[in-house]
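Remarks on the overall topology
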Amino acid sequence: MQNKTPNPVVVVDFGAQYAQLIARRVRDLGVYSEVVPYDVDVGALGAKRPKALILSGGPASVYAEDAPGLNPGLLELGVPVLGFCYGMQAMAVALGGEVPQTDVGEYGPTRLECAAEAGSALLTGTPERQKVWMSHRDSVGTLPKGFVCTASTATTPIAAMEDPERRLYATQFHPEVAHTTHGQEMLSNFLFKICRITPNWKIDDLAAQMIAALKERIGGARVICGLSGGVDSSVVAALLSRAIGDKLTCVFVDHGMLRKDEGKAVSEVFGKQFDVDFVYVHAEERYLDLLAGVSEPEQKRHLIGTEFWKVFFDEAAKLEQRTGDKIKYLAQGTIYPDTIESGSAAGGTNAVGSKKAATIKSHHNLIPFPEGVHFNLIEPLRLLFKDEVRRLGLTLGLPPELVWRQPFPGPGLAVRIIGDITAERLDMLREADAIVREEIDAYNDKLAEESGRRDAPGSVWQYFAVLPAELRSVGVMGDERTYQNPIIVRAVESQDAMTADWAKLDACQDPEFSFSRILSRISTRIVGEVSGVNRVIYDITSKPPGTIEWE
């Protein structure tokens, strides 16, 4: 469901995995933003009356045969335009500049030298020397007519360019990522000083708009909601409950790959505390049989997603028989990062973003429906990021403990076992994961107590255990040799799942919650309490280059 707020800042997506992160950064500044594919119809885009355009990066070279091109009409809409990375190169080529091929790339943190004499409107107020994030091989070599160079690096002589008269701006680096230390200031300069936009977009306003839009769209029809118990699907359920009341049925499918006591907790909240029709489906054995011998992660995801719909449709048929109502809509908690990583922007009635986006991993919400399914999809959160969903949940009055619950993948523990799935491995991982969560929950609680903030800097956003099931290592217990599994602990700090850094666990003042003591307790407990484990490893990989999950 699209937000109906007029005059968006439109992000034109050239296939970047993080194009939606640009929209998120713009929203952080109180300005509504949407993402469209690079080949969007210019007339249709103009009808939105955008305040500005931002051209995203992308994985292609401007020299590639199938490289996405910049429609010159986008530069003639009469609004300011800002390009990042590939967006800068595409702008330069479209306007007569040159992007020579080189053999020298630039990746990661880089020192930017601003040309003070150029009088940059985009970089004003930022340091003359600052750290930016680069990820490119090609770069602009000759400026288009009317542009001036406003910044450079040791490798890239033209790292930023501006044409103030036509209100065209571009950077070779990525202001949208946190690693560019003054990136948000640059976006602020663009939105408020160059575009002269007044910030007026708030989550509180969005809740009322979404409820009204759901009422209008659904009318008196019946809706079935796929409820996982996580914050995304819970917020969808709360929105629909406000919009249509008893015409909503929430179905919770227990596939046997939940965290310890999770099914019980979901049943307690939605079966008793919420005024919704709640159906609990036990499908544990069905999924174990389905996944026997399967180790390839994408195959796991597709099998689980496809089987989820089979179970779901069986329950829908029962519901139709029980109520006498034909179910018209299916609601689910798909959010922006799901669609980005799945490459779902490549098409379909709900597509957003670019047809050039690569698939990182499939999300079970986004497995295509089988032929003949009569439901229409409702995905109210499809254009929201995780932290926006949390704020929306608080606005809707959901319990804080539910709103702040850490993310959990739809396929559950199946994609945290590296290898094929067995009941024994699930039990091993479930127990280890419970220990990890208990210890880091305590750290987060202590940090919240010390800082007075649930989302204090240094708090851990997602944390869990991973079982590399085929890996064994030698150990010693009770003076005897062991040959058992390791457990990998993954803990990250993030705001939106688009980027993440490994958790340093160093923000608490209490020495009992220091990095070394927390990990020591986790390791001691897992090895001592979980049968079959003799080693614990801590993952210190950021995203990118890794993903948060291992599969």
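Just so it is clear, the model here is predicted, and its values are computed rather than measured.

1. Topic: the overall build of the protein chain
- When helices and strands are tallied, the protein chain shows 14 helices and 20 strands.
- Here the C-alpha radius of gyration of the protein chain, 25 Å, is about what a compact globule of 551 residues would show, namely 24 Å.
- In terms of its C-alpha atoms, the protein chain occupies a principal-axis envelope of roughly 70 × 65 × 50 Å.
- When the accessible surface of the protein chain is summed, it comes to about 22,700 Å², and 50% of that surface belongs to carbon and sulfur atoms.
- Once the 58 positive and 73 negative side-chain charges of the protein chain are each reduced to a mean point, those two points are 4 Å apart.

2. Notes on helix α7 (residues 262-273)
- Between the first and last C-alpha of α7 there are 16 Å, a value that for 12 residues agrees with the 16 Å anticipated at 1.5 Å per step.
- Taken as a whole, α7 has its buried residues at E262, G263, V266 and F270. Down the axis of α7, the buried side of the element spans an arc of 95°, and every buried residue falls inside it. Those residues of α7 that are exposed and aimed more than 90 degrees away from the buried face are K264, K272 and Q273.

3. Comments concerning the layout of surface pockets
- As a volume, the largest pocket reaches approximately 1,100 Å³.
- As for the largest pocket, its lining consists of 37 residues, of which R390, W404, R405, Q406 and R454 are closest to the centre.
- Those elements that place two or more of their residues in the lining of the largest pocket are α7, α11 (386-395), α12 (400-403) and α13 (423-451).
- The greatest single-element share of the lining of the largest pocket, amounting to six residues, is contributed by α7.
- Partitioned by chemical class, the residues of the lining of the largest pocket number 13 nonpolar, eight polar and 16 charged.

4. Some words on the sheet that holds strand β10 (residues 222-226)
- With respect to topology, five strands assemble into an open sheet ordered β12-β11-β10-β13-β14, the strand pairing being parallel. Looking at strand neighbours, the two that pair on one side only are β12 (277-282) and β14 (376-378), the edges of this open sheet. Along the sheet, successive strands turn relative to each other by an average axial angle of 30°, direction set aside.
- In terms of strand pairing, strand β11 (residues 248-254) meets β12 through six bridges, oriented parallel. By the bridge assignment, V253 is partnered in β12 with V281.
- Helix-sheet contacts for α7 involve β11 and β12, and the interaxial angle to β12 is about 165°.

5. Brief notes about the confidence of the model for the protein chain
- Confidence in the prediction of the protein chain, expressed as mean pLDDT, is 87, and 92% of residues score 70 or more.
- Low pLDDT, under 50, characterises residues 343-364; the predicted model gives this stretch 69 contacts beyond four residues in sequence or across chains.

6. What about the state of the cysteines?
- Per the stated rule, a full pass over the model turns up zero disulfides.
- C149 provides the cysteine sulfur closest to C85, a residue in no disulfide bond, and the two sulfurs are 16 Å apart.
- With no disulfide of its own, C250 lies closest to C225 among cysteine sulfurs, the gap being 4.5 Å.

7. Thoughts on the sheet that holds strand β4 (residues 81-84)
- Strands sit in the order β2-β1-β3-β4-β9-β8-β7-β5-β6 across an open sheet of nine strands; the sheet is mixed. Lying at the two open borders of the sheet, with one neighbouring strand each, are β2 (33-37) and β6 (129-136). Taking each pair of neighbouring strands and ignoring which way they run, the sheet shows an average axis angle of 25°.
- Here strand β8 (residues 160-163) pairs with strand β9 (residues 168-171) via four bridges, running antiparallel. Paired with M161 across the bridge in β9 is A170.

The rules behind the values
Residues numbered from 1 in each chain as written. Predicted model: local features only at pLDDT ≥ 70, side-chain atom pairs only at ≥ 80, totals over all residues. Heavy atoms only, no water. Helix = DSSP H or I, 4+ residues; strand = E, 2+ residues; numbered from the N terminus. Rg over C-alpha atoms; globule rule 2.2 N^0.38 Å. Areas by Shrake-Rupley, 256 points an atom, 1.4 Å probe, with all protein chains shown as cover. Lys, Arg positive; Asp, Glu negative; His and termini not counted. Charge placed at Lys NZ, Arg CZ, Asp CG, Glu CD. Expected span 1.5 Å × (residues − 1). Buried < 20%, exposed > 50% of the residue type's maximum accessible area, 1.4 Å probe, protein only. Arc of directions from axis to C-beta. 1 Å grid on protein atoms, 1.4 Å probe; cavity = no way out; pocket = protein on both sides within 12 Å on 5 of 7 lines; lining within 4 Å. Points joined across faces, edges and corners; volume = space filled by probe spheres on them. Nonpolar A, V, L, I, M, F, W, Y, C, P; charged D, E, K, R; others polar. Pairing = 2+ DSSP bridges. Axes fitted to C-alpha atoms, helices over the stretch in contact; angles between N-to-C directions. Contact = heavy atoms within 4.5 Å. pLDDT = per-residue confidence, 0-100. Disulfide = S-S within 2.5 Å.

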